[in-house]
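Spelled out from the first residue to the last, the chains are:
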Amino acid sequence: MIINPQVPLHRLILSLSQVLDYVHPSVIDHQQRVAYIAMRIARQLGVDKDQLLDLLLAAALHDIGIIDVENRIRGLQKDDWEEVPWHAEAGYALLSENPLFYRAAQIVRYHHTPWENGCGAEYNGQPVPYASHILVLADRLERMIDRNTNVLDQTESIRSKVLLRAGQQFHPDCINAFSEVADQESFWLDCVSVRIYSILLEQIDWPFLTIDEKTLGPIARIFAGITDATSQWTATHSAGVAAVAVALAERYNFSPREQFLMRSAGYFHDIGKLTIPTEILDKPSKLTPQERNILNSHTYHTFRILDTIGGMPQISEWAAFHHERLDGNGYPFHHAAKDLTLGSRIMAVADVFAALTEDRPYHKAMSQDKVMEIIKKLAGNNGLDGNIVRELEKDYDTIYEICLQERMAYDKEQKRLLANLKILPAVEIH
Ligand SMILES: [Fe+2]
Ligand SMILES: [Fe+2]
Ligand SMILES: [Fe+2]
């Protein structure tokens, strides 16, 4: 029976925020630190509880629009206003269709819009939320902190840099509020604390989120796109895995709710790849043993990211065990048959199926005969579940078509969302 219908919103958002910033040591926890700074300034300004929540959501995900890794590193390292404005628009596009993030999306949209002595109250004839100006300051402030120097040795220089930009870049009221909180050493020490996640959890009464198709579904789908954009070879992989896993789950009479959880697990299954450098994900030649170790850690990260959110055990298990094998020779937990539920076994088959039917650095998308030959061999070696493989074979054409349709629909949706932003890798669908 499926229980735990609710998930703590703060844990979900902060975990996802954190994984987006794994990409490079220089930006670890960037968005969480920005969320903390924004919250302190907003509190000082007397912003009300609902607005504070939207600001925190926006701050924790404000750079979500930088979905390709190279741009993420470049954009975050630069303090260049002209260079990266598209990612604010992309973040808005990604978030605004979800009612939960609708107001946060407006804030994200203008997180690179300077105050310009009041002209920044509007942009292109649209009002800019006041909260965006808090975020502008919090974001730039976080980037001013040199991570290699004690933060308390930098407070004066950062304060003067901020003051220099008063009126031009930053809203004067936000600067005044910042000046108040910046008197406290604890503010600075919190900003750079390795415990920033726990600090944020304690700061505000975040609501709980019911796990259903309306709320978690779109979030999972956004993260599928972000995960798949980590490599040119996987642009629609997660959508394909999700569709195949659901098609197989249906054949095992999973309830509609379980099918929804399965779909979400499919979207999230490779989220741990956000922690893996692109050079490894895209390497055209054989990986070295060291690189293989790094790559193989992705399902460990998938598990920890999802499991520490709490409240969605089926999703974390089904998502993260897709490289486990029935004989116990998979990774990273070496779970064997007795620990692998039907849902986890289905996901493992769906993942292999989706990967073999896509172009990869090592192979072109494979024919049905070749795909089934490989999958049956894996089942014969007690890696994949033979019964599920038989179900797949019985209905190969239908399942293949479902996978293909879903991948094409997903590709179209991503392109529509991010039209003209030129940040999606080209994908050829077979
Ligand atoms: Fe940004
Ligand atoms: Fe940022
Ligand atoms: Fe994987």
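Just so we're clear, the structure is a prediction, and the values are computed from it rather than from any experiment.

Quick notes on the rules
Residues numbered from 1 in each chain as written. Chains lettered and ligands numbered in written order. Predicted model: local features only at pLDDT ≥ 70, side-chain atom pairs only at ≥ 80, totals over all residues. Heavy atoms only, no water. Donors = N, O, S within 2.8 Å, 3.2 Å for Na, K, Ca; no water. Tetrahedral: all angles 85-135°; square planar, octahedral: opposite > 155°, others 65-115°. Buried < 20%, exposed > 50% of the residue type's maximum accessible area, 1.4 Å probe, protein only. pLDDT = per-residue confidence, 0-100. Helix = DSSP H or I, 4+ residues; strand = E, 2+ residues; numbered from the N terminus. Contact = heavy atoms within 4.5 Å. Core = buried A, V, L, I, M, F, W, Y, C linked by side-chain atoms within 4.5 Å. Salt bridge = Lys/Arg side-chain N within 4 Å of Asp/Glu carboxyl O. Polar contact = N/O pair within 3.5 Å; in protein donor to acceptor, adjacent residues only side chain to side chain. Axes fitted to C-alpha atoms, helices over the stretch in contact; angles between N-to-C directions. Parallel < 35°, antiparallel > 145°, perpendicular 65-115°, else oblique. Nonpolar A, V, L, I, M, F, W, Y, C, P; charged D, E, K, R; others polar.

Trainee: It is not clear to me how the coordination of the iron ion (ligand 2) should be interpreted in this structure. Could you clarify?
Mentor: In ideal tetrahedral geometry, four donors around a metal make angles of 109.5 degrees, whereas ideal octahedral geometry with six donors gives angles of 90 or 180 degrees. On the protein side, the iron ion (ligand 2) has His-30 (NE2), His-62 (NE2), Asp-63 (OD) and Asp-139 (OD) as donor atoms, found 2.1 to 2.3 Å from it. What the 4 donor atoms of the iron ion (ligand 2) show is an angle range of 82 to 177° at the metal, which sorts the shape as irregular. Along the chain, the residues that donate to the iron ion (ligand 2) are spaced as H-x31-H-D-x75-D. Here the iron ion (ligand 2) and the iron ion (ligand 1) are spaced 3.7 Å apart, with Asp-63 acting as a shared donor. In this structure, His-62 and Asp-63 share a single accessibility class: buried.

Trainee: Even after reading the chapter, I still don't get the confidence of the model for the chain, so can you show me in this structure?
Mentor: Mean pLDDT for the chain: 89, with 91% of residues reaching 70 or above. The secondary structure element of the chain with the lowest average pLDDT is helix α4 (residues 69-77), at 54, and the one with the highest is helix α10 (residues 185-191), at 98. Scored below 50 in pLDDT, residues 422-430 shows 28 contacts in the model against residues more than four places distant or in partner chains.

Trainee: What am I meant to see in the environment of Arg-140 here?
Mentor: As for its placement among the helices and strands, Arg-140 is situated in helix α7 (residues 130-144). The class for Arg-140 is buried, based on a relative accessible area of 5%. C-alpha of Arg-140 to C-alpha of Glu-122: the two residues are 18 residues apart in sequence and 20 Å apart in space.

Trainee: Would you mind showing me how to read the coordination of the iron ion (ligand 1) here?
Mentor: Taken together, the protein ligands of the iron ion (ligand 1) are Asp-63 (OD), His-87 (NE2), His-111 (NE2) and His-112 (NE2), with distances of 2.2 to 2.3 Å. Here the iron ion (ligand 1) binds 4 donor atoms, and the angle range of 82 to 171° at the metal identifies the geometry as irregular. Here the donor residues of the iron ion (ligand 1) are spaced in sequence according to D-x23-H-x23-H-H. Residue classification places Asp-63 among the buried positions, given a relative accessible area of 2%.

Trainee: Can you help me understand the nonpolar core in this one?
Mentor: What tends to happen in soluble globular proteins is that the nonpolar side chains get buried as a cluster. Formed by 121 residues in total, the largest nonpolar core has its most connected members in Val-162, Phe-178, Phe-187, Phe-223, Met-262, Phe-353 and Ile-375. Every residue in contact with Val-162, bar those within four places of it in the chain, is listed here: Leu-137, Leu-141, Met-144, Phe-170, Ile-175 and Phe-178.

Trainee: Explain unusual backbone geometry here, please?
Mentor: With an omega of 0°, the peptide bond running from Tyr-331 to Pro-332 counts as cis. You can see Pro-332 is positioned in the loop between α18 (313-320) and α19 (342-356). For Asn-124, which is not a glycine, the phi torsion comes out positive at approximately 50°. Following the sequence through the fold, Asn-124 ends up in the loop between β2 (122-123) and β3 (126-127). Classification of Asn-124 by relative accessible area gives exposed; the value is 70%. Even without a glycine there, the phi angle at His-334 is positive, about 55°.

Trainee: In this structure, what is going on with the pattern of salt bridges? I would like to understand it.
Mentor: Opposite charge on two side chains permits pairing when their charged atoms draw close. On inspection of all chains with the given rule, the structure shows 18 salt bridges. As a salt-bridge pair, Glu-142 and Arg-143 come within 3.0 Å of each other at their nearest N and O atoms. Overall, Glu-142 belongs to the buried group, its relative accessible area being 0%. A salt bridge links Asp-339 to Lys-338; the shortest N-O distance between them is 3.3 Å. Lys-338 sits in the exposed class, given a relative accessible area of 74%. When salt bridges that share partners are traced, they join Arg-33, Glu-142, Arg-143 and Arg-147 into one network.

Trainee: Can you help me understand the side chain of Asp-63 in this one?
Mentor: Examined against the element boundaries, Asp-63 turns out to sit in the loop between α3 (49-60) and α4. Within the structure, the side chain of Asp-63 is placed 3.4 Å from the side chain of His-30, a separation counted as a polar contact.

Trainee: Help me out: how do you make sense of the packing of helix α2 (residues 30-45) against helix α9 (residues 172-181) in this one?
Mentor: For any two helices packed against each other, one specifies the crossing angle of their axes together with the interaxial distance. Look at α2 against α9: their axes get within 9 Å of each other, and the N-to-C directions meet at 105°. The orientation of α2 with respect to α9, classified from their angle, is roughly perpendicular. For the pair α2 and α9, the contacting residues are Arg-40, Ile-41, Gln-44 and Leu-45 in the first and Asp-173, Cys-174, Ala-177, Phe-178, Glu-180 and Val-181 in the second. Of the residues assigned to the contact of α2 with α9, the class counts are 6 nonpolar, 1 polar and 3 charged.

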